[in-house]
Amino acid sequence: MIETLAWLLLWGTVVGLDLVSVGQVMIARPLVAGTVAGAIAGDPVGGATVGAVLELFALDVLPVGAARYPDYGLGAVAAAATAAGAPGALGTGIGVCVGLAVAYLGELGIRAVRGLNTADVRYRREALDAGDAAVVRATQMRGLLRDALRSAVVTVLGLAIAALVYRWPPVTVQGAVLVTIVLIGAALGAGATGGMRLSGRGLHLRWFVLGVAAGVVWVVVT
Amino acid sequence: MNVRIASALWRTLLFQASWNYDRLVGVGMAHASEPLLRDLPGGRTGEPYREAMCRATEFFNAHPYMGGMAVGAVARAEHDGLPGEQVRRLRHALIGPLGSVGDRLFWAGVLPAAVGLGLVVTATVSPLAGIVSFLVAYNAVHLAIRVWGLRAGWRSGPAIAQELTAGSIQQGLRVVGPIAAIAVGFALPVVAEWLAEEFQMRTRLSIGLVAALAIVFSRWIVPTFGTLRFGLAAAGFALVVGWLS
Amino acid sequence: MSIVLTRVDDRLIHGQVVVGWVQALGAQRIVLVNDEVNANDWERELYRLSVPAGLAVEFASVDEAARLVEEWGTEPLRTILLVGDVETIVRLCGRSEGIKAVNVGGLHDGTARSQRLSYVYLSEDEARQLHTLSERGVQVTAQDVPTARAVPLDEFA
C-alpha cells in the first residue's frame, strides 16, 4: 500500500514536471498519465478509461503562447487512483470528477510557481542583466525545484482526496453511474468543441466532419 | 555532433524551467545558449561572452520545441560578431515567427493528431498499445524537430528564414492541420463507443444529449466558461440528483 | 466591418494570433504595422513564412498605415490589424473612425513599465494614452486568447 502510494507520488511528480518545465515528451497527457497511474494502482484499464475521458477535456485546451491551462496530467493520476478497483461505470465518473478538481488545483499551482519565479528574477535582476552564468543556472534549478514541489504537493492532495472518496463514497450506486454518464457526455462535448476550434471556420472543418463520419462508419461496421 | 551542441540540446529540454512573467523564457534561453557562447573570442572571461550573456537573459519567448532554433541562430550571430543591436533585433524578430510555427506545427497539428491515434488504439487494441503508439508517433516528430532546429539555427544564424523555407517544414505545416482535424474527428465516435460499451441505448442517448449541451454551451453560449468548469458543474448537478433520488 | 480585430502585441504575429484569433474570427489578412519589420527584408520573410497558406500578410510603416488605415477598413477582406506598441495604436486611431475597439494582447518587460496583468506591462504614459483613447469612444480591453475574458481598461490601467 505504502509502496504503491510512493510510486504514484513519484509518477505524479514526473508528470507535473513534463507539462511545462522539463522536456514536454507528453507523459503529462492524461491518457498516458492515467493509464500508467492505473497500472501502478493495479487497474490499468480503469486508469486508461478515466485517462481517455480527461484526454477529451484536454483536447479543448490549446496552449498557445503564454496562455494558462488546467493540469490534466496530475488530474489523471488522482482520477486513476480514485477509480482503481471500482468496477467500470461506478468508478469512472467519480474518478474523473476528482481528476477535474485536481487539474484545477494544478493550474492554481502553476500560477503560484510563475509568481514565485517572477519574484525570483526581479530579486536577482542585476545579476541576470549582467549575464552571470552561475545565477542563470541557479535560477533555472530553483524554477525546476518549485515546479517539482508543486507537482508533488498536488499529487499528495489528489491522493488524499482519492483516499477520502474511497473511504466515504459521497454517492449512492445510482448517483455514481449518473455522474459517469454526465461526465462522459461532457467530455465528448469538450473533445468535439476542441476539434472544431482546432479546425476554425475554414476548410479544416470539412476534414473534421469527414473524420467524424469515418469514425461513425467504423463503429457501425465493426 | 560536438559536445557543446549536445550540451545546448540537453539544456533546451529545460527551456521553460524558470518561466516567469517578466522575461518569460529569457533565463531558459540564456541557460541553453551558454555552452555555445563559451568559445567566443576570449573564452568565458572575454568581453564578447559577457556581452552575449547579458543579451541572452533578456525577455524572450518561443515555442519550447523551436527554442533551440533561436538558441542556435543567436549564438551563431554572436560568433559572426554582429553588432549588439543587430543581435537584439534578430532575437526579437524570432519570437513571433518561431512561436507561430511551433504552435501550428505541434499544438494545433502533431499533438492532436497523435492524441487521436492514441485514443483510437486504446479503444480498439489495448491501453498499453494506445500510450505506446501515441508517445512514439509524437516524440519521433518532436525530438527530430528539436535536433534539426538547433543545428539549423547554428548553421544559418541570421539567415534562419531560409531554413524555415525548407520544403519539409512548409509541407509539414500544410498537411498537419487537416491530419489533426481528421484524427480527432475519427477518434470521437470510436472512443464514445468504447466508453459507452456497457450502457443501454437509453443511457447512450443521455450521453449524447449531455455532449450536445456541452458543445452548444461552450461554443456559443458562454465560450469563456471553459469545458472544465462545465464538466464540474454538470457532475455537481448529477451528484445532487443522485443524492436526492 | 472588415477590420475584425485591432491588436497591440509586442510579439506581433505569433501562436496566439495565428492559431487563436485567426481561427476564431475567420480572418483572411493580417496587416502588420511596424517600422523595423517593414524596413527589413529578412524580418518580413520570417513573418510571412510563419503564417498559414491562404492567410495574406501585408506590412506597413506607421506613416503608411496612418495613410491607409481608412482604406483597409472598407475593403472586403476580414483583416487583423496588428501593432507592437501603444504609441502606434493611438496614432492610427487618430486617423480612422473605423477602429472602434482595441485589444491589448501582450506588452512585456521594458524600462519604466510596471506589471498590470500577467501579460500586460505598461508605463504611466502608456496607461494615460489608453485612457485617452477610451475617452474618445474606443473600447479598450485586454485579452490574450479568444477563450479568455476580455478585461476592461479600468481593471488594468
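The rules behind the values
- Residue positions are counted from 1 within each chain, in the order its sequence is given.
- Both sets of labels track the order of writing: A upward for chains, 1 upward for ligands.
- Thresholds applied to this predicted model are a pLDDT of at least 70 for local features of residues and 80 or more for the giving and counting of side-chain atom pairs; totals over whole chains, interfaces and linings are not thresholded and use all residues.
- Secondary structure counts use DSSP, requiring at least four H or I residues in a row for a helix and at least two E residues in a row for a strand, with both numbered from the N terminus.
- Any residue whose C-beta has 12 or fewer other C-beta atoms within 10 Å is treated as exposed, any with 20 or more as buried, and any in between as partly exposed, C-beta atoms being built from the backbone.
- Two strands make a pair as long as DSSP finds a minimum of two bridges between them.
- In this description, a residue-residue contact is defined by the distance between C-beta atoms placed from the backbone, which must lie within 7 Å.
- Note on method: axes are straight lines fitted to C-alpha atoms, helices fitted across the in-contact stretch only, with angles between N-to-C directions ranging 0 to 180 degrees.
- Joined through C-beta atoms within 7 Å, a set of buried Ala, Val, Leu, Ile, Met, Phe, Trp, Tyr and Cys residues constitutes a nonpolar core.
- Where each domain begins and ends follows an automated or database-derived domain assignment.
- Under the scheme applied here, ten amino acids are nonpolar (Ala, Val, Leu, Ile, Met, Phe, Trp, Tyr, Cys and Pro), four are charged (Asp, Glu, Lys and Arg), and all others, including Gly, are polar.
- Given the number of residues in a helix, its expected span is that number minus one, multiplied by 1.5 Å.
- Note on terminology: angles under 35 degrees are roughly parallel, angles over 145 are roughly antiparallel, angles of 65 to 115 are roughly perpendicular, and the others are oblique.
- By definition, any crossing whose near helix is turned counterclockwise from its far helix by less than a right angle is left-handed, and any crossing with a clockwise turn is right-handed.
- Along the chain, pLDDT gives the predictor's confidence residue by residue, from 0 to 100.

Novice: Pulling in residues and values, what's your account of the overall build of chain A?
Specialist: For chain A, the helix and strand inventory stands at nine helices and zero strands. Counting helices and strands in the order they occur from the N terminus, chain A gives α-α-α-α-α-α-α-α-α. When each of the 222 residues of chain A is scored for burial, the buried share is 63%.

Novice: Provide a residue-level description of the sheet that holds strand β4 (residues 79-83) of chain C, including the pertinent values.
Specialist: Residues and elements named next belong to chain C. Taking strand neighbours across the sheet as the criterion, the seven strands line up as β3-β2-β4-β1-β5-β8-β9 in an open arrangement whose pairing is mixed. A strand with exactly one partner marks an edge of an open sheet, and here the two such strands are β3 (56-60) and β9 (151-152). Strand direction decides the pairing type here: strand β2 (residues 29-33) and β4, joined by five bridges, are parallel. Counted as the bridge partner of valine 33 is valine 83 from β4. Helix α1 (residues 15-25) rests against β1 (3-9), β4 and β5 (101-106) of the sheet, and its axis sits at about 150 degrees to β4.

Novice: Please give an account of the nonpolar core that cites residues and values.
Specialist: Of all hydrophobic cores here, the largest spans 206 residues; its most connected members are Ala37, Val77 and Val179 of chain A together with Leu82 of chain C. Taken domain by domain, the makeup of this core includes at least three residues from each of domain 1 (3-195) and domain 2 (198-245) of chain B. Setting aside its immediate chain neighbours within four residues, leucine 82 of chain C contacts Arg7, Asp9, Leu12, Ile13, Val17, Ile30, Val31, Leu32 and Val33 of chain C.

Novice: I'd like a rundown of the interface of chain B and chain A, residues and numbers included.
Specialist: By a widespread convention, an interface's size corresponds to the accessible area lost as its parts come together. Counting residues at the interface gives 83 residues for chain B and 88 residues for chain A. Where the side of chain B that touches chain A is concerned, the elements lending two or more residues are α2 (26-37), α3 (47-56), α5 (84-124), α6 (127-156), α8 (167-195), α9 (201-221) and α10 (227-244) of chain B. Looking at the side of chain B that touches chain A element by element, the count peaks at 17 residues for α8 of chain B. Along the lines of polarity and charge, the residues of the side of chain B that touches chain A split into 54 nonpolar, 21 polar and eight charged.

Novice: Tell me what's going on with helix α4 (residues 72-83) of chain A, and back it up with residues and numbers.
Specialist: All names here are of chain A. Across its twelve residues, α4 extends 16 Å between first and last C-alpha, which sits within 8% of the 16 Å expected from 1.5 Å per residue. The buried fraction of α4 amounts to twelve of the twelve residues, a majority that puts the element mostly inside the structure. Within α4 the residues assigned to the buried category are Tyr72, Gly73, Leu74, Gly75, Ala76, Val77, Ala78, Ala79, Ala80, Ala81, Thr82 and Ala83. On its buried side, α4 packs onto α1 (2-19), α2 (30-40), α3 (44-58), α5 (89-123) and α7 (133-167). Two residues or fewer past α4, glycine 85 is found with a positive phi of approximately 90 degrees.

Novice: Give me the lowdown on the packing of α5 of chain B against α1 of chain C, citing residues and values where you can.
Specialist: Contact geometry for α5 of chain B and α1 of chain C: axes closest at 7 Å, N-to-C directions at 50 degrees. Taken as axis vectors, α5 of chain B and α1 of chain C run oblique relative to one another. Of α1 of chain C, the residues touching α5 of chain B (which contributes Gly99, Ser100, Gly102, Asp103, Arg104, Trp107 and Ala108 of chain B) are Gly15, Val18 and Val19 of chain C. Of the residues that constitute the contact of α5 of chain B with α1 of chain C, the class distribution is four nonpolar, four polar and two charged.

Novice: Which residues make up helix α4 (residues 67-79) of chain B, and what values do they have?
Specialist: Residues and elements named next belong to chain B. Taking 1.5 Å per residue as the helical rise, α4 with its 13 residues ought to reach 18 Å, and the 18 Å between its terminal C-alpha atoms agrees with that figure. Of all 13 residues that make up α4, twelve are buried, and the element is covered over most of its length. Taken as a whole, α4 has its buried residues at Gly67, Gly68, Met69, Ala70, Val71, Gly72, Ala73, Val74, Ala75, Arg76, Ala77 and Glu78. On its buried face, α4 sits against α1 (3-12), α2, α3, α5 and α6. One or two steps after α4, the chain reaches glycine 81, where phi turns positive at roughly 75 degrees.

Novice: Can you lay out the packing of α3 of chain A against α5 of chain B for me, pointing to particular residues and giving the numbers?
Specialist: Orientation of α3 of chain A relative to α5 of chain B, taken along the N-to-C sense of each, is 150 degrees, at an axis distance of 11 Å. Crossing handedness for the pair α3 of chain A and α5 of chain B: left-handed. Counted together, Ala48, Ala52 and Glu55 of chain A of α3 of chain A and Val115, Leu119 and Thr122 of chain B of α5 of chain B form the full contact between these two elements. Class assignment for the residues of the contact of α3 of chain A with α5 of chain B results in four nonpolar, one polar and one charged.

Novice: A description of the confidence of the model for chain C should follow, citing residues and the corresponding values.
Specialist: Summarising the model, chain C shows a mean pLDDT of 91, and 99% of its residues fall at 70 or more. Interface confidence for the predicted complex, given as ipTM, is 0.95, next to a pTM of 0.94.

Novice: Please set out the pairing of strand β8 (residues 139-142) of chain C residue by residue, giving values where relevant.
Specialist: All names here are of chain C. Taking every second residue as pointing to the same face, the buried face of β8 carries Val140 and Ala142, while none of Gln139 and Thr141 on the other face is buried. Relative to β8, β5 is paired through four bridges, and the arrangement is parallel. Residue pairing in the sheet places alanine 101 in a bridge with glutamine 139 of β8. In the sheet, β8 pairs with β9 via two bridges, with the strands oriented antiparallel. Bridge pairing in β9 links alanine 142 to valine 151.

Novice: Any chance you could break down the environment of threonine 165 of chain B for me, citing the residues and the numbers?
Specialist: Summarising the element assignment, threonine 165 of chain B is placed in the loop between α7 (161-164) and α8. Residues contacting threonine 165 of chain B, with those up to four places away along its chain left out, are Gln170 of chain B together with Leu49 of chain C.

Novice: Kindly report on the confidence of the model for chain A, identifying the contributing residues and their values.
Specialist: Keep in mind that low pLDDT regions are not for reading the predicted coordinates in detail. Confidence in the prediction of chain A, expressed as mean pLDDT, is 93, and 96% of residues score 70 or more. Here helix α8 (residues 173-199) of chain A stands out as the element of chain A with the lowest mean pLDDT, 92, in contrast to α2 of chain A, whose mean of 98 is the highest.

Novice: Just give me the short version of the environment of alanine 41 of chain A, but keep the residues and values in it.
Specialist: Along the chain, alanine 41 of chain A falls in the loop between α2 and α3. Measuring from C-alpha to C-alpha, the distance between alanine 41 of chain A and glycine 23 of chain A comes to 26 Å, with 18 residues separating the pair along the chain.

Novice: Just give me the short version of unusual backbone geometry, but keep the residues and values in it.
Specialist: At glutamine 24 of chain A, a position not held by glycine, the phi torsion is positive, near 50 degrees. Relative to the elements of secondary structure, glutamine 24 of chain A occurs in the loop between α1 and α2. What makes glutamine 24 of chain A buried here is the crowd of 23 C-beta atoms within 10 Å. Positive phi outside glycine occurs at leucine 24 of chain B, with the angle close to 45 degrees.

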